[in-house]
Amino acid sequence: MRYFIELSYRGTAYRGWQTQANGVSIQSTLEQALSKRLGWPVYVLASGRTDAGVHAEQQFAHFDTDQPLALTDDLLYSLNCILPDDIAIHTIFPVGASAHARFSAVSRYYQYHITRDKNVFQPGLTLHFRPSLDLDRMNEACQILLRYTDFKSVSKARANVAHFRCELAFAYWTAQPDGRLTFHIKANRFLWGMVRTIVGMMLEIGQDRLSLDAFDQILQARDRTVAGRAAPANGLYLVEVAYPAEVLVNRV
């Protein structure tokens, strides 16, 4: 049987989602907790591999088992007691044999949070960035971004992918009364390092250090070396992964 897990995590202490030889990952921590609680080895596969330091308000993963699970509150409670405080499982539910956490997903929605003031009670959860930013220019840049489907210029150079095409649903910036700025972006798929590289350029645009024409030319170039530095990981959140209704029919 195949089961989906819906979870969230604070990525600060981890080397990213994927199991690493040189550090602790979300995947390995989750697998250890499931294996300990269920009594047999469990391997999980996620909707996407978030980078080191990136957070997830909503992430999905799946695993297979020969034995049906008793999906009780006690199971969730015990798993969350085994897991560290910065990873939480919200639900586990059965899916069809063909459902796949990565390949069945139809879209991913990310947010990037920036605050001008330092918050000592929530370190590592936003980018503390003091310079003033022109949000109108940054939203003009978003309109340019939406004209493109090939994002090789904003993918990490070592990305091992068949193609660099992504279909963006939206991209825009908002400002909150408390001064927090949030970048919103949704697409059917994202490339390795894509959102952070886009945010890095947007910060340059917002400071009038990169023109809109230059931003357009960078996207046209299909060359990561001209795109500049990526924004730090700590402000980035995976906030929603969408699936067809039939995949989530048993979700509670």
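All values derive from a computational prediction rather than experimental measurement.

Things to note about the state of the cysteines
- Summed over all chains, the structure comprises zero disulfides.
- There is no disulfide at Cys 142, and the cysteine sulfur nearest it, in Cys 166, is 15 Å away.
- Using a relative accessible area of 0% as the deciding quantity, one classes Cys 142 as buried.
- A residue is classified by how much of its surface remains accessible, and Cys 166, at 1% relative accessible area, is buried.

Details of unusual backbone geometry
- With a phi angle near 60°, Asp 208 is a residue other than glycine that sits in the positive phi range.
- The phi angle at Arg 222 is positive, at roughly 55°, despite the residue not being glycine.
- With respect to the helices, strands and loops of the structure, Arg 222 is situated in the loop between helix H5 (212–221) and strand E9 (236–242).
- Overall, Arg 222 belongs to the partly exposed group, its relative accessible area being 37%.

Considerations on the nonpolar core
- Residues Leu 145, Trp 173, Phe 183, Ile 185, Met 202 and Phe 215 are the most contacted members of the largest nonpolar core, which totals 81 residues.
- Top element by residues in this core is helix H4 (residues 194–206). It accounts for eight residues.
- When near neighbours in sequence (up to four residues on either side) are disregarded, Phe 183 contacts Tyr 110, Gln 111, Tyr 112, Cys 142, Leu 145, Ala 171, Tyr 172, Trp 173, Val 195, Ile 198, Val 199 and Met 202.

Section: the packing of helix H3 (residues 135–145) against H4
- Running from amino to carboxyl end, H3 crosses H4 at an angle of 135°, the nearest separation of the two axes being 8 Å. Overall, the two elements H3 and H4 adopt an arrangement that is oblique. Our pair here, H3 against H4, has a crossing hand that is right-handed. Residues Arg 137, Met 138, Ala 141, Cys 142 and Leu 145 of H3 pack against Ile 198, Met 202, Ile 205 and Gly 206 of H4.

Regarding the layout of surface pockets
- A volume near 1200 Å³ is recorded for the largest pocket.
- Around the largest pocket, the lining comprises 37 residues; the ones closest to its centre are Gly 48, Arg 49, Thr 50, Asp 51 and Trp 192.
- Elements with a minimum of two residues in the lining of the largest pocket: strand E2 (45–46), strand E5 (107–115), H4 and E9.
- Broken down by element, the lining of the largest pocket gets its largest block of residues, three residues, from H4.
- A breakdown of the residues in the lining of the largest pocket according to their chemical character gives 18 nonpolar, 10 polar and nine charged.
- There is about 220 Å³ of room inside the second largest pocket.
- What lines the second largest pocket is Leu 127, Phe 129, Gly 200, Leu 203, Glu 204, Gln 207, Arg 209, Arg 229, Ala 230, Ala 231 and Pro 232.
- Here the lining of the second largest pocket gets three residues from one element, more than from any other, and that element is H4.
- Tallied by class, the residues present in the lining of the second largest pocket amount to six nonpolar, two polar and three charged.

Reading guide: rules and limits
Residues numbered from 1 in each chain as written. Predicted model: local features only at pLDDT ≥ 70, side-chain atom pairs only at ≥ 80, totals over all residues. Heavy atoms only, no water. Disulfide = S-S within 2.5 Å. Buried < 20%, exposed > 50% of the residue type's maximum accessible area, 1.4 Å probe, protein only. Helix = DSSP H or I, 4+ residues; strand = E, 2+ residues; numbered from the N terminus. Core = buried A, V, L, I, M, F, W, Y, C linked by side-chain atoms within 4.5 Å. Contact = heavy atoms within 4.5 Å. Axes fitted to C-alpha atoms, helices over the stretch in contact; angles between N-to-C directions. Parallel < 35°, antiparallel > 145°, perpendicular 65-115°, else oblique. Left-handed = near helix turned anticlockwise from the far one by under 90°. 1 Å grid on protein atoms, 1.4 Å probe; cavity = no way out; pocket = protein on both sides within 12 Å on 5 of 7 lines; lining within 4 Å. Points joined across faces, edges and corners; volume = space filled by probe spheres on them. Nonpolar A, V, L, I, M, F, W, Y, C, P; charged D, E, K, R; others polar.

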